[in-house]
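# Structural features, examined
For reference, the chains in residue letters:
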Amino acid sequence: MPQAPKHYLCSKPNVELDYDDVSNTNIVRDNNKKALKYIEDVTSNADEIQERVLAEILSSSARVEYLQRHGLDGHTDKNTFKKVMPVVTYEDLKPDIDRIANGDTSPILCSKPISEFLTSSGTSGGERKLMPAIEDELERRSLLYSLLMPVMDQFVPGLDKGKGMYFLFIKSEAKTPGGLLARPVLTSYYKSSHFKNRTHEHDPYTNYTSPNETILCLDSYQSMYSQLLCGLCQNEEVLRVGAVFASGFIRTIKFLEKHWVCLCNDIKTGTIDAEITDPSVREAVMKILKPNPKLADFIETECKKDSWKGIITRLWPNTKYVDVIVTGTMSQYIPTLDYYSNGLPLVCTMYASSECYFGLNLNPLCEPSEVSYTLIPTMAYFEFLPLNKKNEHTNSISHQEQEHLVDLVDVELGQEYELVVTTYAGLYRYKVGDILRVAGFKNKAPQFNFVCRKNVVLSIDSDKTDEVELQNAVKNGAIHLLQFGASLIEYTSYADTSTIPGHYVLYWEIIMNGQNPIPASVFEECCLSIEGSLNSVYRQGRVSESIGPLEIKIVESGTFDKLMDFALSQGASINQYKTPRCVKYAPIVEILNSKAISNCFSPKCPQWVPGHKRWCTLD
């Protein structure tokens, strides 16, 4: 087997790109070739690189308390590691993480100092997770970002000739009792020197319409408004648009719908609305904003039209694609994005989390349903827990199952796995909670479809309803609204155990495009379709009356915006925020119930017959 270049195996991988030459086109082309060669090399040597990554992690932290506690005792070989180290969840690590957060600086999880904690989004429960981070991780994460555009250039060349209009936001930071920063991973990245000190002279792909000051503004309204204003002022230069999640990008379009009059006035007069009070934001925007009555009239004409279909391509006519995450539950936003963008390609570029950055999409113009991510072997040491009926819906793992964890190069095509990572920052055999399906291979490195988050489920009795199943059931139920010109724009769910028996509650926010009210009987049909689409364990529970009738509560317009505002006030990141599809946190449930304007229940049980896989409702 050929030896992988050493710098692919070290803890600070470096593609060594160079943008210093005056001939930018040639330099961009050369750097793209270097990045693609890097991908080719590390995926071709995935097995060797993975072993070396593990050995490096273990040797650098050989004397840390956590590894010694579990009997690793300085061993760096894979077999010993797999034999003695347990597979763990966050709850298993929380006592050690709390010690670090409270100021214990001894080498508990990692030999290198923990520089900060990266927080999970915390949208479906009350407490955010704290993921340890070290300084070196910024270089690793920056490496993955540096590979995205060279891949994209293969499919959409010339993107270095214009700008990207991305709506990026930060969240305020907290400090642990021991003085370490705790903040979302994207806030950490946007506030890092890697991001703040970038220049498009050195890397033309990082030429964004939003000045750093607008991205780093803590006031979400001022940040959104100023970023939109800058994007509109430079509309002819925009070649790509995006946000982190599809929901965030759509929120920006909704913001534009509300505020386009003020934005047009700013562009017409060359002044900034008085509500934008941050001095650094105003100064940065004024370097871009000049009086442009012609552009203001153009924007006004487009925004005044009855239909906003294709508003992206109308206002930003040179846009080639929309860069947002539309996998998992974000897929429900695809029709809305298609409507606003006139069917532009929806591109999912990378796969990452607070725990670790994982990989990238090597076929970015594929259909959203076919998105797969190639895991880059230098990011961490990856293992995979095969899913089966025994462990599919539990966080526990038996010793026998632990022995069946497979390495990156040993996964099987079509099989679903739960991702387990060992990182440079002190996570060892940590269950991320993501369910992945093997879609193919790039050389020796597998490519995965993201299926769902394992821990997002509804359960009343022995039933287990996961995120994907719920989404499909809701989609089937919402079809009944179409005959009245109505559509479902947001939803979430709650396992209500205050009743006997407990039952599922769905909170729906709908938009009425027609004039006729929707009869209650139609919502009952929605309930029936949803229950008929759920799994046989749920339907059996309904028939045996261990589960009560499903309930739909219609909530006021704007309720889910209130939900996001609440999450942000509790410390969630606007970049990471996703509408929680299942909620348990009491204050969130209280908000939803306070906004309910009507409700209905399923009028009868779905049919359940042992051994049958297709069901209808009972008459």
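Summarised in this report is the structure supplied together with it. All figures in this text were calculated on a predicted structure; none of them were measured in a lab. Sequence order sets the numbering: in each chain, residues are counted from 1 along the sequence as written. Restriction of local features to residues with pLDDT of at least 70 applies here, the model being predicted, together with a cutoff of 80 or more for giving and counting side-chain atom pairs; totals for whole chains, interfaces and linings are based on all residues. Hydrogens and water are ignored here; the side-chain numbers use all heavy atoms of the structure.

### Some points on the overall build of the protein
- A tally of regular secondary structure across the protein gives 21 helices and 23 strands.
- Residue burial is assigned from relative accessible area. The probe radius is 1.4 Å, only protein chains are included, and a residue is buried under 20% of its type maximum, exposed over 50%, and partly exposed in between. Going through the 619 residues of the protein one by one, you find that 54% of them count as buried.
- Considering only contacts in the protein between residues 6 or more positions apart, those separated by 24 or more positions represent 69%.
- Just so you have it, the protein exposes about 26000 Å², and 50% of that area is on carbon and sulfur atoms. Labels follow the DSSP assignment, with helices taken as runs of H or I lasting at least four residues and strands as runs of E lasting at least two, numbered in each case from the N terminus. Note on definitions: a residue-residue contact is assigned when non-hydrogen atoms from the two residues lie within 4.5 Å. Each accessible area is a Shrake-Rupley estimate made with a 1.4 Å probe; only the visible protein chains count as cover when residues are assessed.

### Things to note about the environment of N449
- If you trace the backbone, N449 turns up in strand β16 (residues 445-453).
- With eleven residues separating them along the chain, N449 and V438 place their C-alpha atoms 6.4 Å apart.
- In this structure N449 touches E370, V371, S372, I435, L436, R437 and A439, once residues within four positions along its chain are discounted.

### Digging into the nonpolar core
- F249, F382, F384 and L419 are the most contacted members of the largest nonpolar core, which totals 158 residues.
- Sort the elements by how many residues they give to this core and helix α11 (residues 246-269) lands first, with ten residues.
- The residues contacting F249, other than those within four sequence positions of it, are F167, V241, G242, A243, I312, V322, V324 and L337.
- Side-chain atoms within 4.5 Å link the members of a nonpolar core, which is a set of buried Ala, Val, Leu, Ile, Met, Phe, Trp, Tyr and Cys residues. With 29 residues, the next largest nonpolar core counts V474, L481, A486 and Y504 among its residues.

### Some thoughts on empty space enclosed by the protein
- Put plainly, a pocket is an open set of points on a 1 Å grid over the protein atoms alone with protein on both sides within 12 Å along at least five of seven lines, a cavity is a set where a 1.4 Å probe fits but cannot get out, and a lining residue has an atom within 4 Å of a point. Grid points are joined across faces, edges and corners, and a volume is the space filled by probe spheres set on the points. Overall, the coordinates contain two cavities of 30 Å³ or more when judged by the stated rule.
- The volume enclosed by the largest cavity comes to roughly 100 Å³.
- Along the wall of the largest cavity there are 13 residues; nearest its centre are F169, A243, G248, I574 and N575.
- When residues of the lining of the largest cavity are traced back to their parent elements, those giving at least two are β6 (238-245) and α11.
- Basically, the charged four are Asp, Glu, Lys and Arg, the nonpolar ten are Ala, Val, Leu, Ile, Met, Phe, Trp, Tyr, Cys and Pro, and anything else, Gly included, counts as polar. A class-by-class count of the residues in the lining of the largest cavity yields nine nonpolar, three polar and one charged.
- Approximately 50 Å³ is the volume found for the second largest cavity.
- Taken together, L148, V151, M152, T349, L360, N361 and P364 make up the full set of residues lining the second largest cavity.
- Tallied by class, the residues present in the lining of the second largest cavity amount to five nonpolar, two polar and no charged.

### As for the pattern of salt bridges
- We define a salt bridge as a side-chain nitrogen of Lys or Arg found within 4 Å of a carboxyl oxygen belonging to Asp or Glu. In this structure the tally under the stated criterion is 33 salt bridges.
- Here E300 ties to K304 by a salt bridge, and the two come within 3.0 Å at their closest N and O atoms. Of the two residues, E300 and K304 both sit in helix α13 (residues 293-304), four residues apart, roughly one turn of that helix.
- Residue classification places K304 among the exposed positions, given a relative accessible area of 56%.

### Some details on the packing of aromatic side chains
- Centres within 6.5 Å make a pair out of two Phe, Tyr or Trp rings, where for Trp the six-membered ring is used; the pair is then stacked when the planes are under 30 degrees apart, edge-to-face when over 60, and tilted otherwise. The final tally for this structure, using the stated rule, is 20 aromatic pairs.
- With a centroid separation of 4.4 Å and an interplanar angle of 25°, the aromatic rings of Y145 and Y189 are classed as stacked. With Y145 in helix α6 (residues 136-153) and Y189 in helix α7 (residues 185-190), this residue pair connects regions lying 44 residues apart in the sequence.
- Note on Y189: relative accessible area 11%, which makes it buried.
- Both rings, one in Y351 and one in F358, keep their centres 4.5 Å apart while their planes meet at 40°; by these two values the pair is tilted. Grouping residues by exposure puts Y351 and F358 together as buried.

### Some words on the sheet that holds strand β14 (residues 416-422)
- One open sheet accounts for eight strands, arranged β9-β10-β11-β16-β15-β14-β12-β13; its pairing is antiparallel. Both outer strands of the open sheet, β9 (350-352) and β13 (406-407), are each paired with one neighbouring strand and no more.
- Strands are labelled as partners when DSSP assigns at least two bridges between them. Relative to β16, strand β15 (residues 430-442) is paired through eight bridges, and the arrangement is antiparallel. By the bridge assignment, F441 is partnered in β16 with P446.
- Along the sheet, helix α2 (residues 46-60) makes contact with β12 (381-386), β14 and β16, crossing β12 at roughly 110°. Whenever a helix is involved, its axis is fitted only over the stretch in contact; in every case the axis is a line through C-alpha atoms, and angles between N-to-C directions fall within 0 to 180 degrees.

### Digging into unusual backbone geometry
- Of note in the backbone geometry, R429 takes a positive phi value of approximately 50° without being a glycine.
- Take R429: it is sitting in the loop between β14 and β15.
- A positive phi is found at N443, a non-glycine position, where the angle reads about 55°.
- Structurally, the position occupied by N443 is in the loop between β15 and β16.

### Overview of the pairing of strand β21 (residues 551-555)
- A large share of β21 lies buried, amounting to five of its five residues.
- Of the two faces of β21, the one lined by E551, K553 and V555 and the one lined by I552 and I554 are each fully buried.
- Relative to β21, strand β20 (residues 503-512) runs parallel, the two sharing four bridges. If you follow W508 over to β21, its bridge partner there is I554.
- Judged from the five bridges that link them, β21 and strand β23 (residues 596-601) form a sheet pairing that is antiparallel. Its bridge partner being in β23, V555 is matched across the sheet by A596.

### Focus: the packing of helix α20 (residues 559-569) against helix α21 (residues 586-594)
- Remark: α20 packs on α21, axes separated minimally by 10 Å, with the N-to-C direction vectors making an angle of 155°. If you check the angle between α20 and α21, you find them roughly antiparallel. Crossing hand, α20 versus α21: right-handed. Only P587, I588, I591 and L592 of α21 make contact with α20, whose side of the interface consists of T559, F560, L563 and F566.
- The residue inventory of the contact of α20 with α21, partitioned by class, reads seven nonpolar, one polar and no charged. Each angle is binned into one of four classes, with values under 35 degrees roughly parallel, values over 145 roughly antiparallel, values of 65 to 115 roughly perpendicular, and all other values oblique. Left-handed describes a crossing in which the near helix is turned anticlockwise from the far one by less than a right angle; the clockwise case is right-handed.

### Regarding the sheet that holds strand β7 (residues 321-325)
- The strand order β3-β6-β7-β8 describes an open sheet built from four strands, whose pairing is parallel. Each end of this open sheet is capped by a strand with a single partner; those strands are β3 (163-166) and β8 (346-347).
- Bridge analysis of β7 against β8 gives two bridges, and the strand direction is parallel. Its bridge partner being in β8, V322 is matched across the sheet by L346.

### Things to note about the environment of S536
- Mapped onto the elements, S536 comes out in helix α19 (residues 536-543).
- Given the relative accessible area of 31%, S536 is considered partly exposed.
- With 72 residues separating them in the primary sequence, S536 and W608 have C-alpha atoms 6.8 Å apart.

### Remarks on the packing of helix α17 (residues 467-478) against helix α18 (residues 520-533)
- Here α17 crosses α18 at 145°, and the two axes come no closer than 8 Å. You can see that α17 and α18 cross each other, and the crossing is right-handed. Where α17 abuts α18, its residues E469, A473, V474, N476 and G477 lie against C526, S529, I530 and S533.
- Residue composition of the contact of α17 with α18, by class: four nonpolar, four polar and one charged.

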